[in-house]
Amino acid sequence: MILLYILFLALGMFALIKGADMFVSGSSSIAAIFHVPSLIIGLTIVALGTSAPELAVSTSASLQGSNEIAISNVVGSNFFNLLAILGICAVMKPMAVDNAVIKRDIPFSIIITIIALLASCGPILMSGGFLNVDVSQHAGVVTRPVGILLVLLLIGYIATLVIAARKSKEEAEDVPQYSVLKSVVMILAGLGIIIAGGQVVVYCAKEIARAAGMTETLIGLTVVAFGTSLPELVTSIVAIRKQEAAMAIGNTIGSNIFNILFILGISATIHPVEVNIASCIDMMILVVVTLVALVFSISNRRISRVEGGLMLAMYFADMAYAIVR
């Protein structure tokens, strides 16, 4: 039976990737018609499309009462995006970082992660309860009002990007353009496949976790987070090979912002998301590693191969910690 669950988990992840690919292609086609710069496309359309698997998984988990998967999938995906994907891309080719990413997007990502951390884990952080040996202990809740606040922050962020796009003189990204009808069909079909794949992934992941004696937090932070982050990995690697560092970095940082504001926000708005101590610790580590990424970006306005290697090392160290605890 466990092999059957693994097979369907793989099929569900494949559906997530193909669905996200269709969504991105359709959305990028429409965006290109309006001559939107590649950085903005990466921070919005592509980031939303590649974050769609996380949205499907986290909302499905929230509705099914699997709060640990809902929150750990978001945090785990952000770890993978920030450290593994940017690390791999930088090792492949040192990446110049756009000034807007340094001044606006990475700091904003840090701020919203701190907001989510304080909103869900504030009381236990103040009391020092996060030092409790039992990391599975309840720590707090991301409530509906907080979820709504996160979604409103996303709307404000997108509005800021739209204003920036209008002021920008950068050339639009050269992407395949389809008819409006075909683009809309691709978007809707992609979303449908993503939603179905998300349902399958959550169900199979829960059953595998139970059979293997793993906590839902661990499997959400590792297996599910890796599977739902594959679209970001593929998109960023392709962007680097096409000499589009702006698209790669924009996609990665944009996905992290969407994960916190849109995915966690929507999940909490649908159903309050309970958070355990392990997830509180993970969010604190996420703030630290995002600060490290900001420092790397500020130095010479690029992420070097050595810094990319260090980011990969930090990712594997964090995953080892998550498994050991």
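K.L.:
Hey, could you run me through the packing of helix α4 (residues 99–127) against helix α9 (residues 277–298) in this one?
P.N.:
Running from N to C, α4 and α9 point in directions that differ by 160°, and their axes come no closer than 9 Å. Looking at the two axes, α4 sits roughly antiparallel to α9. The hand of the α4/α9 crossing is left-handed. When grouped by side-chain class, the residues that make up the contact of α4 with α9 number 19 nonpolar, five polar and no charged.

K.L.:
What should I look at first to understand the state of the cysteines in this one?
P.N.:
Note on terminology: disulfide describes a covalent bond linking the sulfur atoms of two cysteines. Within this structure, the stated rule accounts for one disulfide. Bridging Cys121 to Cys280, the disulfide has an S-S length of 2.0 Å. Residues Cys121 and Cys280 are joined by a disulfide whose S-S torsion is about -90°; by sign, that bridge is left-handed. Remark: Cys280 occurs in helix α9 and Cys121 occurs in helix α4; sequence separation between them is 159 residues. Each of the two residues, Cys121 as well as Cys280, counts as buried.

K.L.:
Sorry, what's going on with helix α10 (residues 305–324) here?
P.N.:
For an α-helix the count is 3.6 residues per turn, leaving residues at separations of three or four pointing the same way. For α10, built from 20 residues, the straight-helix expectation of 28 Å at 1.5 Å per residue is met to within 8% by its first-to-last C-alpha distance of 29 Å. Turning to α10, its buried residues number three or more, namely Glu307, Gly308, Met311, Leu312, Tyr315, Asp318, Met319 and Ala322. The arc enclosing the buried residues of α10, seen along the axis, measures out at 145°, which places them on a common side. Turned more than 90 degrees away from the buried face of α10, the exposed residues are Val306, Phe316 and Val324.

K.L.:
Honestly, the packing of α9 against α10 in this entry has me stumped. Any pointers?
P.N.:
Angle between the axes and distance between the axes are the two parameters that describe a pair of packed helices. Running from amino to carboxyl end, α9 crosses α10 at an angle of 175°, the nearest separation of the two axes being 11 Å. In terms of their interaxial angle, α9 and α10 are classed as roughly antiparallel. Facing α9, whose interface residues are Ile281, Ile285, Val292, Ala293 and Phe296, α10 presents Glu307, Leu310, Met311, Met314, Asp318 and Tyr321. Its residues assigned to classes, the contact of α9 with α10 shows nine nonpolar, no polar and two charged.

K.L.:
When you look at empty space enclosed by the protein in this model, what are you seeing that I'm missing?
P.N.:
Remark: the empty space left among the atoms is shown by a probe the size of a water molecule rolled over them. Following the criterion strictly, the structure yields one cavity of 30 Å³ or more and no others. In terms of lining, the largest cavity is formed by Leu86, Val97, Ile106, Ile249, Ile253, Ala293, Ser297 and Ile303. If you list the elements that add at least two residues to the lining of the largest cavity, you get α8 (245–270) and α9. Among the residues making up the lining of the largest cavity, the classes are represented as seven nonpolar, one polar and no charged.

K.L.:
What exactly am I supposed to notice about a nonpolar patch on the surface here?
P.N.:
Taken together, the side chains of Met1, Leu4, Leu7, Phe8 and Leu11 define a hydrophobic patch exposed on the protein surface, amounting to about 510 Å² of accessible area. Leu11 sits in the partly exposed class, given a relative accessible area of 46%.

K.L.:
Hey, could you run me through the packing of aromatic side chains in this one?
P.N.:
Applying the stated criterion to the full structure yields three aromatic pairs. Considering the side-chain rings of Phe80 and Tyr315, the 5.6 Å spacing of their centres and the 75° angle between planes classify their relative orientation as edge-to-face. You can see Phe80 sitting in helix α3 (residues 67–92) and its partner Tyr315 sitting in helix α10, a full 235 residues away along the chain. Here Tyr315 falls in the buried class, since its relative accessible area comes to 8%. Aromatic side chains Phe108 and Tyr157 sit 5.0 Å apart centroid to centroid with 10° between the ring planes, which places their arrangement in the stacked category. With a gap of 49 residues between them, Phe108 in helix α4 and Tyr157 in helix α5 (residues 144–167) connect regions that are remote in the sequence. For the residue pair Phe108 and Tyr157, the accessibility class agrees, reading buried in each case. Every member of this aromatic cluster is reached through a ring pair, and the members are Phe80, Tyr315 and Phe316.

K.L.:
Sorry, what's going on with the side chain of Thr252 here?
P.N.:
Tracing the chain through its elements places Thr252 in helix α8. If we skip the residues at most four places from it in the chain, Thr252 touches Asn81, Leu82, Ile85, Leu86 and Ser236.

About the criteria used
Along each chain, numbering runs from 1 in the same order as the chain's sequence is written. Selection of residues for local features in this predicted model requires a pLDDT of at least 70, selection of side-chain atom pairs for listing and counting requires 80 or more, and totals for whole chains, interfaces and linings are taken over all residues. Excluded from the side-chain calculations are hydrogens and water; all other atoms, namely the structure's heavy atoms, are used. Angular values range over 0 to 180 degrees, each being the angle between N-to-C directions of two axes fitted as lines to C-alpha atoms, with helices fitted over their stretch in contact. What counts as a helix is a DSSP run of H or I of at least four residues, what counts as a strand is a run of E of at least two, and both are numbered from the N terminus. In what follows, roughly perpendicular refers to angles from 65 to 115 degrees, roughly parallel to angles under 35, roughly antiparallel to angles over 145, and oblique to any angle outside these ranges. For a crossing to be left-handed, the near helix must be turned anticlockwise from the far one by less than a right angle; the clockwise case is right-handed. Gly counts as polar in this scheme, as do all residues outside two lists: the nonpolar Ala, Val, Leu, Ile, Met, Phe, Trp, Tyr, Cys and Pro, and the charged Asp, Glu, Lys and Arg. The term disulfide is used for any two cysteine sulfur atoms that are within 2.5 Å. Accessibility here uses a 1.4 Å probe with only protein chains present; expressed as a share of the type maximum, an area under 20% marks a residue as buried, one over 50% as exposed, and anything in between as partly exposed. To estimate the expected span of a helix, subtract one from its residue number and multiply by 1.5 Å. Each C-beta atom gives one direction from the helix axis, and the arc is the one those directions make. Should any heavy atoms of two residues lie within 4.5 Å, those residues are counted as being in contact. Method remark: on a 1 Å grid restricted to protein atoms, a set of points is classed as a cavity if a 1.4 Å probe fits but cannot get out and as a pocket if it is open with protein on both sides within 12 Å along at least five of seven lines; lining residues have an atom within 4 Å of a point. Grid points are joined across faces, edges and corners, and a volume is the space filled by probe spheres set on the points. Within this analysis, patches are made of residues with over 30% relative accessible area and no salt bridge. Like charges are joined at 9 Å or less; nonpolar side chains (Val, Leu, Ile, Met, Phe, Trp, Tyr) at 5 Å or less. The Shrake-Rupley method, run with a 1.4 Å probe, gives the accessible areas here. Residue values count only the displayed protein chains as cover. Each salt bridge in this description consists of a side-chain nitrogen of Lys or Arg and a carboxyl oxygen of Asp or Glu lying within 4 Å of one another. The pairing test for Phe, Tyr and Trp rings, Trp by its six-membered ring, is centres within 6.5 Å, and the orientation test on the planes gives stacked under 30 degrees, edge-to-face over 60, and tilted for anything in between.

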